[in-house]
Amino acid sequence: MQGQSKPKPRILTTLAELRVARRAMPGLVGVVPTMGFLHEGHASLMRRARTECATVVATNFVNPAQFGPREDFSRYPRDMDADTRLCEREGVDYVYAPSVDTVYPSGFATTVDVAGVSARWEGEYRPGHFHGVATVVAKLLIATGANRAYFGEKDFQQLQVVRRLAIDLDLPVEIVACPTVREADGLARSSRNVYLTDDDRRRALSISQALFAARDACKAGERRAAKLGESVRSLVTDAGLAIDYVAVVDRDTLEPIEVFDRAGRILIAARVGSTRLIDNIGLEC
Ligand code: PAF
């Protein structure tokens, strides 16, 4: 309704506050785990949660455990005020924004290791990353007691890791996958896009363009994974990016495939300037 402002989300910072609030949350509870610096990609997850759940909780926690020693934890962008405004606009009821000490109190010693699906790709280039992700996601899902948890397909391997952990730990939560949100020109939305210079950004577009071209080639009949992978690799390299990997994989196991006789995915990680970007696309040939 015009002119009617939405209620502000309640900010919770301690586990005790979250537990008290959780007991009073009505109906299905949906959680959107984030590391803040929210953008349209996060907003789309919140909107989906809002349409499906009576209560929507967003978590906002930059998780040190998922950053490697030479990664961008300390410079990772943060803007709690803007994040709260976005949550308010999207009708989020609660924001759980714990401190590092709340999540990892002194003596903390338990980690979650999702074997198999964590091993390759990001797991290889960012050793320890998925330990950190799986550990914090398990803690957040348990702490919020959410019935549904919303994750973007942009981090496709993360999504599969989280699905596996929810099944293996018998967590009573449905993992809901939501499509990648892109800029009008195709660039996948990411908090890290803020690091891109104009020139980086122009060159970074080759990632989505190469993925779209591969999807089109697949639709037009190209079934050889090597050919599709090579075309992505050469378009992105020609734009001056340094590729960590281009992987043509089975959608569920993330193991490489040679021929598309099932639903697959192309995963890519590449560096432009000092920024590392990941993206992926589904292939239903
Ligand atoms: O995708 C992210 O933002 C993070 O990896 C997540 C799932 C919130 C865990 O810290």
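Refer to the preceding data block for the structure.
Criteria and thresholds
- Residues numbered from 1 in each chain as written.
- Predicted model: local features only at pLDDT ≥ 70, side-chain atom pairs only at ≥ 80, totals over all residues.
- Heavy atoms only, no water.
- Phe/Tyr/Trp six-rings, centres within 6.5 Å; stacked < 30°, edge-to-face > 60°.
- Buried < 20%, exposed > 50% of the residue type's maximum accessible area, 1.4 Å probe, protein only.
- Helix = DSSP H or I, 4+ residues; strand = E, 2+ residues; numbered from the N terminus.
- Lys NZ or Arg CZ within 6 Å of the ring centre and 35° of its normal.
- Core = buried A, V, L, I, M, F, W, Y, C linked by side-chain atoms within 4.5 Å.
- Contact = heavy atoms within 4.5 Å.
- Salt bridge = Lys/Arg side-chain N within 4 Å of Asp/Glu carboxyl O.
- Axes fitted to C-alpha atoms, helices over the stretch in contact; angles between N-to-C directions.
- Left-handed = near helix turned anticlockwise from the far one by under 90°.
- Pairing = 2+ DSSP bridges.

Draft legend 1. Up close: the packing of aromatic side chains. Overall, the coordinates contain six aromatic pairs when judged by the stated rule. Considering the side-chain rings of F67 and Y76, the 5.6 Å spacing of their centres and the 75 degrees angle between planes classify their relative orientation as edge-to-face. You can call F67 buried: its relative accessible area is 11%. Plain terms: the ring middles of Y125 and Y245 are 5.7 Å apart, the flat faces sit at 45 degrees to each other, and that makes the pair tilted. Here Y125, found in helix α5 (residues 122-125), pairs with Y245, found in strand β7 (residues 242-250); they are 120 residues apart in sequence, far enough to count as distant. By the ring-pair criterion, three or more aromatic residues cluster together here, those being F61, Y104 and F108. Across the ring face of Y195, the terminal group of R75 is positioned such that the distance to the ring centre comes to 4.0 Å. Over the ring of F73 we find R78; its NZ or CZ atom is 5.0 Å from the centre of that ring.

Draft legend 2. Representation of the nonpolar core in the model. One finds V137, L141 and I175 to be the most contacted residues of the largest nonpolar core, which totals 45 residues. In terms of residue count, the dominant contributor to this core is helix α6 (residues 129-144) (nine residues). When residues no more than four places from it in sequence are discounted, the contact partners of V137 are F151, V162 and L165. One finds L187, L196, A214 and I281 within the second-largest nonpolar core, a separate group that totals 27 residues.

Draft legend 3. Representation of the pattern of salt bridges. Here the structure, examined in full by the defined rule, presents 28 salt bridges. Between R148 and E52 there is a salt bridge whose closest N-O contact spans 3.5 Å. On the criterion of sequence distance, the pair formed by R148 in strand β5 (residues 148-152) and E52 in helix α2 (residues 40-52) is long-range, its members being 96 residues apart. Its relative accessible area of 27% is what places E52 among the partly exposed residues. Because the salt bridges share partners, they merge into one network encompassing E40, R47, R89 and E90.

Draft legend 4. Looking closely at the packing of α2 against helix α3 (residues 80-89). Taken N-terminus to C-terminus, the directions of α2 and α3 make an angle of 35 degrees; their axes are 10 Å apart at the nearest point. Between α2 and α3 lies a crossing whose hand is right-handed. Residue-level contacts link E40, A43 and M46 of α2 to L86, C87 and R89 of α3.

Draft legend 5. Focus on the sheet that holds strand β8 (residues 264-272). Read across the open sheet, the three strands follow the order β7-β8-β9; overall the sheet is antiparallel. Every other strand in the sheet has two partners, leaving β7 and β9 (275-283) as the edge strands with one partner each. Strand-to-strand twist of the sheet, defined as the mean angle between neighbouring strand axes without regard to direction, takes the value 10 degrees. Bridging between β7 and β8 involves eight bridges; their strand directions are antiparallel. Pairing of D250 across the sheet is with G264, part of β8.

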